[in-house]
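This is what each chain is made of:
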Amino acid sequence: MSQPSPRSGTDRCPGVFSTHAAADGAVARIRLPGGRIRPDQLEKLAQAAAEHGDGYLELTARGNLQLRGIGDVEAVAEVVVAAGLAPSSSHDMVRNIEVSALTGRIGGVADGWPLADRLDERLRVDDAAAELSGRFLFGIDDGRGDVLRRGPDVCALLHDGEGDTLRADIVVGGAPLGSATGLDAIVSALLEVAHAVLEIAPGAWRIADLSDEQRGDLELRIRATLGPVIGGAIPDPGDPIVGWFDQDDGQVLLGAVVELGRLPARLGEFVAAVGAPIIVTPDREIILCDLDEGVAETVVRVLAPMGLIFDANSPWARVSCCVGAPGCAKSHAPVREDLLEYVDGGVEIDTREHWVGCDRGCGAPSEPHVRVEADPQGGYRTQRR
Ligand code: SF4
């Protein structure tokens, strides 16, 4: 039975057509299913950030891109639509799909991209799914555990096969409820979970908002549609995807991070000029794929001095932050300035840290990390999360 909605008011997650008003202007979030963006699309966004925003593309904790300090919201929306980055205005905010970033290129038990494409296609024409909250997250994990560990609301944990033989466990709010076989059946199972959540708890932001009774109803309903759970061990977390990596097909993949998790527009244009497929990860990494060795060497030589960091030992591979003051009126501190000073002091950071200006904790990683939170007295307190 439907319960009253805990999701009061409007969805404040920004999108392209519904921006968020911050102290430093509007914020638009461009959702990139699986974090993928074509070079021509990145080039247009970078130009829009320079022309209409604060001159940076922010990398978000869900592998999306964000423009901040926007004066002309409509001009940005036009650029995003023309670049093919918002193919459906009604579904712009619900295309939240995380995919194992290295899938199909390095390791993994199966290639997750065909499944991600099919899910995005079907999600965009699914009228009911347009009612999902902008926080509801679909995951596609190719068996390495990177996506599952971030706690998506519903996740396809791939096992083996491809196309009609692809097998996956369907994991809902962290619990494997059963399995499905074949691309379409797996996508149907993921969408069925979304539909069931909307019916059982239409106001829920995420699965975690469901009461025990609602959760029980959901699990009963979904289990009835699935085969037995396949199961198996999930590997330990991998290292940051920063540096030079050999792909299974012999090409090269480069992973990089940027200071404060924001890509200067000019550097974004240079990244786009490489002409390679680009993936943005929830760890705020920028991955350039399918490079020849010679091209990869040139990319490192040219882009490293411009600010793209290919060193996995850099603090920026493990530390992130919210915008803080003055961009956010709620902040107790100029978080970015303070973090820059901290990192410039030569610290070594070996666990993930996230710095925030208040207890809302925006942009926090979903994995375990240390939160460094500004307090009203002008200091910072730390807490393991
Ligand atoms: S965590 Fe607080 S200070 Fe930082 S962006 Fe969010 S609301 Fe603003």
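Now for a description of the structure that goes with this document. The model shown is predicted, which means the values in this text are computed figures rather than measured ones. (Residues numbered from 1 in each chain as written. Predicted model: local features only at pLDDT ≥ 70, side-chain atom pairs only at ≥ 80, totals over all residues.)

### Description of the overall build of the protein chain
Defined as follows: Here a strand is any run of E in DSSP of at least two residues, a helix any run of H or I of at least four, and the numbering for each starts at the N terminus. Only C-alpha atoms enter the radius of gyration; for comparison, a globular chain is expected to reach 2.2 Å times N to the power 0.38, where N is the number of residues. Here a residue counts as buried when 20 or more other C-beta atoms fall within 10 Å of its C-beta, as exposed when 12 or fewer do, and as partly exposed in between; the C-beta atoms come from the backbone. Think of it this way: build a C-beta for each residue from its backbone, and any pair within 7 Å is a contact.
Along its length, the protein chain carries eight helices and 19 strands. By the compact-globule yardstick of 21 Å for 385 residues, the protein chain fits well, its C-alpha radius of gyration being 20 Å. Taking the principal axes of its C-alpha atoms as reference, the protein chain extends roughly 55 × 50 × 40 Å. Looking at the protein chain residue by residue over its 385 residues, the buried ones come to 47%. Contacts in the protein chain between residues far apart in sequence, at least 24 positions, make up 64% of those at least 6 positions apart.

### Structural notes on the sheet that holds strand 3 (residues 36-37)
Going by this rule: Two strands make a pair as long as DSSP finds a minimum of two bridges between them. Whenever a helix is involved, its axis is fitted only over the stretch in contact; in every case the axis is a line through C-alpha atoms, and angles between N-to-C directions fall within 0 to 180 degrees.
Across the sheet, five strands lie side by side as 3-14-15-12-11; this open sheet has antiparallel pairing. If you trace the sheet from one side to the other, it starts and ends with strand 3 and strand 11 (243-246), each paired once. Across four bridges, the pairing between strand 12 (residues 252-256) and strand 15 (residues 286-291) is antiparallel. Counted as the bridge partner of V252 is L291 from strand 15. Packing of helix 7 (residues 293-303) onto the sheet brings it into contact with strand 11, strand 12 and strand 15, and relative to strand 12 it is tilted by some 15°.

### Description of the site of the ligand
For the record, the criterion: Using the backbone to place each C-beta atom, any residue with that atom within 6 Å of a molecule or strand is considered near it. Three classes are used, and their members are as follows: Ala, Val, Leu, Ile, Met, Phe, Trp, Tyr, Cys and Pro are nonpolar, Asp, Glu, Lys and Arg are charged, and the others, Gly among them, are polar.
What surrounds the ligand is the set C322, V323, G324, C328, K330, S331, V356, G357, C358, R360, G361 and C362. Split into classes, the residues belonging to the shell around the ligand amount to six nonpolar, four polar and two charged.

### Description of the sheet that holds strand 18 (residues 370-374)
With respect to topology, four strands assemble into an open sheet ordered 16-17-18-19, the strand pairing being mixed. Strands with a single pairing partner mark the edges of an open sheet, and in this sheet they are strand 16 (319-321) and strand 19 (380-384). Taking each pair of neighbouring strands and ignoring which way they run, the sheet shows an average axis angle of 20°. Bridging between strand 16 and strand 17 (residues 353-356) involves three bridges; their strand directions are parallel. Paired with C321 across the bridge in strand 17 is W355. Each of strand 16, strand 17 and strand 18 touches helix 8 (residues 335-344); the most contacted strand, strand 16, lies at about 160° to it.

### As for the packing of helix 4 (residues 183-200) against helix 5 (residues 212-223)
This is how the line gets drawn: By the definition used in this description, the sense in which the near helix is turned from the far one sets the handedness, with an anticlockwise turn below a right angle giving left-handed and a clockwise turn giving right-handed.
Axis separation between helix 4 and helix 5 bottoms out at 10 Å; the angle between their running directions is 145°. Every pair of crossing elements has a handedness; the one defined by helix 4 and helix 5 is right-handed. Listed contacts from helix 5 to E192, V193, A196, V197 and I200 of helix 4 are Q214, D217, L218, R221 and I222.

### Some details on the packing of helix 3 (residues 113-124) against helix 4
Rules: Reported orientations rely on four angle classes, namely roughly parallel under 35 degrees, roughly antiparallel over 145, roughly perpendicular from 65 to 115, and oblique for the rest.
Packing of helix 3 against helix 4 leaves a shortest axis separation of 10 Å and a crossing angle of 50°. With respect to helix 4, the element helix 3 is oriented oblique. Along this stretch, helix 3 crosses helix 4, giving a crossing that reads as right-handed. Note on element contacts: helix 4 touches helix 3 through L183, D184, I186, V187, L190 and L191, opposite P114, L115, R118, L119 and R122. Residues of the contact of helix 3 with helix 4, tallied by class, amount to eight nonpolar, no polar and three charged.

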